[in-house]
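Survey of secondary and tertiary structure
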Amino acid sequence: MTAPHRPWKPRHRLDGPEDAPVVVLGPSLGTSMDLWLPQLPALARSWRVLRYDLPGHGGAPAPDGPLTVEELAGGITDLLDGLGVERAAYAGVSLGGAVGTALALAAPHRVASLVLVCTSPRFGDPAAWRDRAALVRREGVGPVAGSAAGRWFTPAFEDAEAYVAMLRATDPEGYAACCDALAGFDATARLGGISAPTLVIAGERDVPTPPRGHADRLAAGIPDARLAVVEGAGHLANAERPDAVTREITAHLDRTWRGHDR
Ligand SMILES: O=C(O)CCC(=O)CC(=O)O
């Protein structure tokens, strides 16, 4: 049975000059919009930065059941409509990147430029995500939070706990519903339909979505996409190697989205 479509109203925050072109930033499973704090000062100098929280994440209300990535992308379209934004750039980490992929496919005219960070057209075995959703619905986020640092970062990263704290604060139903969304997501055969100029950023040492089999598939499937592999970065590459990721994103946005076609 497919889940009924439920309108989803993302909790959001705007920073940067009011009249600047808009850049939407999507967070990953188990993190809040604060995942993007390392990039915020640089981006908010030139762009109107629109960050959002996934359902049940960052204190946002939890959903009342499973979600799809397409439903999450629909919420971003509604959010842009509500703010009167016709066209925006979009950058997202992992699940946030999948939302950007779905948005670029469903509403190509809304996405001026796309940055996909440590993400994938398909996040591995759907059964593993369904199992994780069931575990969290049964036992809460504790078991997945306990092992998150090892999945998200290399052992050398010293600030892991600040990010794991976001997961510990996540509502279990919100986390589980986002696992359901990852389980059901497979854009592999549709990547050729993305028309936005796309930068794919991979973490060299990303464990959940390694460059091979994930970022390389995005870059091969999306017309004219460019792949940048960030050395020494794990899954949350924008947190672990903030300067390198900020440089890549701002260079791509500078080249592709100054708002001239707003
Ligand atoms: O927490 C993990 O195991 C990684 C989850 C994942 O790949 C999706 C995401 O980070 O949004």
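Residues numbered from 1 in each chain as written. Predicted model: local features only at pLDDT ≥ 70, side-chain atom pairs only at ≥ 80, totals over all residues. Heavy atoms only, no water.

1. Some remarks on the overall build of the protein
- Looking only at helices and strands, the protein features eleven helices and seven strands.
- At 17 Å, the protein has a C-alpha radius of gyration in line with the 18 Å of a compact globule built from 262 residues.
- Considered along the principal axes of its C-alpha atoms, the protein spans approximately 50 × 40 × 35 Å.
- Residue pairs at least 24 apart in sequence account for 80% of intrachain contacts in the protein once pairs closer than 6 positions are excluded. (Helix = DSSP H or I, 4+ residues; strand = E, 2+ residues; numbered from the N terminus. Rg over C-alpha atoms; globule rule 2.2 N^0.38 Å. Contact = heavy atoms within 4.5 Å.)

2. Remarks on the site of the ligand
- Taken together, Ser28, Leu29, Ser94, Leu95, Trp129, Arg132, Arg151, Trp152, Leu182, Pro208 and His235 are the residues near the ligand.
- For the ligand, the protein covers 99% of the area, taking 310 Å² as the surface of the free molecule.
- Mapped by element, the contributors of at least two residues to the shell around the ligand are α4 (126-139) and α6 (148-152).
- For the shell around the ligand, the class distribution of residues is six nonpolar, three polar and two charged. (Near = heavy atom within 4 Å. Areas by Shrake-Rupley, 256 points an atom, 1.4 Å probe, with all protein chains shown as cover. Nonpolar A, V, L, I, M, F, W, Y, C, P; charged D, E, K, R; others polar.)

3. Quick notes on the packing of aromatic side chains
- Evaluated as defined, the whole model comprises six aromatic pairs.
- Note on Trp8 and Tyr52: the rings are 6.1 Å apart at their centroids and 80° apart in plane angle, and the pair reads as edge-to-face. Here Trp8, found in the segment before β1 (11-15), pairs with Tyr52, found in strand β3 (residues 48-53); they are 44 residues apart in sequence, far enough to count as distant. (Phe/Tyr/Trp six-rings, centres within 6.5 Å; stacked < 30°, edge-to-face > 60°.)

4. A look at the UniProt feature "domain: AB hydrolase-1" (unreviewed entry) in the protein
- Mapped onto this numbering, the UniProt entry gives "domain: AB hydrolase-1" (unreviewed entry) at residues 21-242.
- In residues 21-242, the share of helix is 43% and the share of strand is 16%. The end C-alpha atoms are 22 Å apart. (UniProt positions renumbered as here; feature names shortened; annotations may be inferred.)

5. Comments concerning unusual backbone geometry
- Notably, Cys118 is not glycine yet its phi reads approximately 45°, a positive angle.
- With a phi close to 60°, Asp224 is a non-glycine residue in the positive phi region.
- The residue Asp224 is located in the loop between α9 (211-221) and β7 (226-230) in this model.
- Exposure remark for Asp224: the relative accessible area of 78% places this residue in the exposed category. (Buried < 20%, exposed > 50% of the residue type's maximum accessible area, 1.4 Å probe, protein only.)

6. Some words on the nonpolar core
- Formed by 90 residues in total, the largest nonpolar core has its most connected members in Val24, Ile76 and Leu95.
- Broken down by element, this core gets its largest block of residues, eight residues, from helix α8 (residues 172-183). (Core = buried A, V, L, I, M, F, W, Y, C linked by side-chain atoms within 4.5 Å.)

7. So, the packing of helix α2 (residues 69-83) against helix α3 (residues 95-106)
- Where α2 contacts α3, the axes come no closer than 8 Å and their chain directions differ by 75°. If you check the angle between α2 and α3, you find them roughly perpendicular. Contact residues: α2 offers Val69, Leu72, Ala73, Ile76 and Thr77, while α3 offers Leu95, Ala98, Val99, Ala102 and Leu103.
- Across the contact of α2 with α3, the residue classes break down as nine nonpolar, one polar and no charged. (Axes fitted to C-alpha atoms, helices over the stretch in contact; angles between N-to-C directions. Parallel < 35°, antiparallel > 145°, perpendicular 65-115°, else oblique.)

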